[in-house]
Amino acid sequence: AFLEREAAKAIKSFDAEARTILSGSDGPDWNETALSIAWEYVDYLSIHQMFNRKRMLPFVRCADRLAFSIGRAAATCEKVRLAKKSEKRVPLAVDEYIFWDCDRRYREGEDWTKGRHCLEQDYNLRDAVVMGDVMTVFHNHADVVKIACIAQSVNALAPVRTEKGGVLWRQATFDPIRYASRYGRGTALKVKTEGNAADDVHASVVRRADGSLAVFIVNRGETVHDFSLTAPGKWRIVESREIAGDPEAVNSPSAQPVCARPTDDIVVGKDGFSVPLKPCSWRFVLLGV
């Protein structure tokens, strides 16, 4: 922690506009100690979240772990701030998150003279729902999470895969990231939920610069859930997409069964809409004024 403080001091002495990230831990003790020592010179606290698909069961609910980690780290930052009587706030950088079986999958005959196949992960529809759930966690904690970075983007544990010769395909996790990136820009709104005792349904809402609402929903359960959103105003459906079907379905170079498909099953009311959510599914709805 002392080295991190001195490194941050050196960086800021060279460039006053530079922003530094303190490498954090999943536990609060290290975070509190390191923040107490380096508080004046750091701008973010980093946390990582690796989701082990074999050990985190039921995997479809593993985003709860991310929400817990964010809440605990944010509470630690606030504890240190109050102890120091500081007006400065240190937000979080979730600068590495990914799903992985923790297997290395080498191909026979490959050597170290070229990049080897070893960390390709085949993601299925259930993983797409989990990725959508992770996006709602980031939206719903946007007051404390200011940076969020998926660990890899192509081939290694990634939403995009390629093969030699120019073949490229989108993995099941691609569209939840794509829609969150394209439409989840603006002001994250607080979502009040009712009638979700099983905690199967998670949602987030982002008000965009043009006044439209981007709504992201996941049903993590194994049964149909009726979902309704109340938002004062007169709305129209600009776009509606769904990922649903066989939870084990996987995309490949020859077939893309897991993708965000258009739907027409939304019922628009005076102040919002309602829609049935299929088991283990992800939904995106764009409401226009």
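Residues numbered from 1 in each chain as written. Predicted model: local features only at pLDDT ≥ 70, side-chain atom pairs only at ≥ 80, totals over all residues. Heavy atoms only, no water.

**Regarding the overall build of the chain**
Our working rule: Under the DSSP-based scheme used, a helix requires at least four consecutive residues in state H or I and a strand at least two consecutive residues in state E, with every element numbered from the N terminus. In this treatment the radius of gyration is a C-alpha quantity, and the globule benchmark scales as 2.2 Å times the residue count to the 0.38 power. Only protein chains enter the accessibility calculation, which uses a 1.4 Å probe; a residue whose area is less than 20% of its type maximum is buried, one above 50% is exposed, and one in between is partly exposed. The contact criterion used throughout is that any non-hydrogen atoms of two residues lie within 4.5 Å. Method for areas: the Shrake-Rupley scheme with a 1.4 Å probe, in which residue coverage is limited to the protein chains shown.
Looking only at helices and strands, the chain has five helices and 15 strands in total. Over its C-alpha trace the chain gives a radius of gyration of 21 Å, about what one expects of a compact globule, namely 19 Å for 289 residues. Seen through its principal axes, the chain has C-alpha atoms that stretch 60 × 55 × 35 Å. Counting across all 289 residues of the chain, residues that qualify as buried make up 44%. When contacts within the chain are restricted to residue pairs at least 6 apart in sequence, long-range pairs at least 24 apart make up 67% of them. Total accessible area computed for the chain in this model is approximately 15,100 Å², and 53% of it derives from carbon and sulfur atoms.

**Thoughts on the sheet that holds strand β11 (residues 236–243)**
To be explicit about the condition: If DSSP finds at least two bridges between two strands, the strands pair.
Ordered in space as β7-β8-β9-β15-β11-β12, the six strands form an open sheet in which the pairing is antiparallel. Across the chains shown, the open sheet's two edge strands, defined by having one partner strand only, are β7 (187–189) and β12 (261–262). Bridge count for β11 against β12 is two bridges, and the pairing is antiparallel. Bridge assignment links E242 to a residue of β12, and that residue is R261.

**Comments concerning the packing of aromatic side chains**
Applicable threshold: Any two of the Phe, Tyr and Trp rings considered here, Trp counted by its six-membered ring, make a pair once their centres fall within 6.5 Å; the pair's planes then place it as stacked at under 30 degrees, edge-to-face at over 60, or tilted in between. Two thresholds decide whether a charge sits over a ring: the Lys NZ or Arg CZ must be within 6 Å of the ring centre and within 35 degrees of the ring normal.
Taken as a whole and judged by the stated rule, the model has ten aromatic pairs. A ring pair is formed by F51 and F99, whose centres lie 5.3 Å apart and whose planes are at 75 degrees; its orientation type is edge-to-face. With F51 in strand β2 (residues 44–52) and F99 in strand β3 (residues 92–100), this residue pair connects regions lying 48 residues apart in the sequence. The burial state of F51 is the same as that of F99; both residues are buried. A centroid spacing of 5.2 Å and a plane angle of 45 degrees characterise the contact between Y179 and F284, whose relative ring orientation is tilted. Linking Y179 in helix α5 (residues 174–183) with F284 in strand β15 (residues 281–288), this pair joins segments that are 105 residues apart in sequence. You'll find Y179 and F284 in the same group, each marked buried. Among the aromatic residues, those joined into a cluster by ring pairs are Y179, Y183, F216, W282 and F284. Here K88 stacks its cationic end above the ring of W39, 5.9 Å away from the centre of that ring.

**Observations concerning the pattern of salt bridges**
Definition in use: Salt bridge criterion: a side-chain nitrogen from Lys or Arg within 4 Å of a carboxyl oxygen from Asp or Glu.
On inspection of all chains with the given rule, the structure shows 20 salt bridges. Among the ionic pairs, R220 bridges to D199, the shortest N-O distance being 3.3 Å. Here R220, found in the loop between β9 (213–219) and β10 (225–230), pairs with D199, found in the loop between β7 and β8 (201–207); they are 21 residues apart in sequence, far enough to count as distant. In this structure R220 comes out as buried when scored by relative accessible area, which is 3%. The structure contains a network of salt bridges with shared partners spanning D64, D133, D199 and R220.

**Thoughts on helix α2 (residues 28–38)**
Where we set the bar: To be clear, the arc concerns the directions from the helix axis to the C-beta atoms.
Of the positions making up α2, those classed as buried are N31, A34, L35, I37 and A38. Viewed end-on, α2 has its buried residues packed into an arc of 165 degrees, placing them on one side of the element. Looking at the packing, one finds that the buried side of α2 touches α1 (2–14), β1 (21–23), β2 and α3 (63–84).

**Observations regarding the environment of E78**
Locating E78 in the fold gives a position in helix α3. Take E78: its relative accessible area is 27%, and that puts it in the partly exposed class. E78 sits ten residues away from K88 along the chain, and the two C-alpha atoms are 9.8 Å apart.

**Focus: the sheet that holds β2**
Selection rule: Working convention: axes come from line fits to C-alpha atoms, limited for helices to the stretch in contact. Angles between N-to-C directions cover 0 to 180 degrees.
Strand order in this open sheet of four strands is β1-β2-β3-β4, and the pairing throughout is parallel. Each of the sheet's edge strands pairs with one partner strand only, and the pair in question is β1 and β4 (145–150). The mean angle between the axes of side-by-side strands here comes to 30 degrees, regardless of whether they run parallel or antiparallel. Sheet analysis places β1 next to β2, joined by three bridges and oriented parallel. Across the sheet, residue I21 finds its bridge partner in β2, namely Y44.

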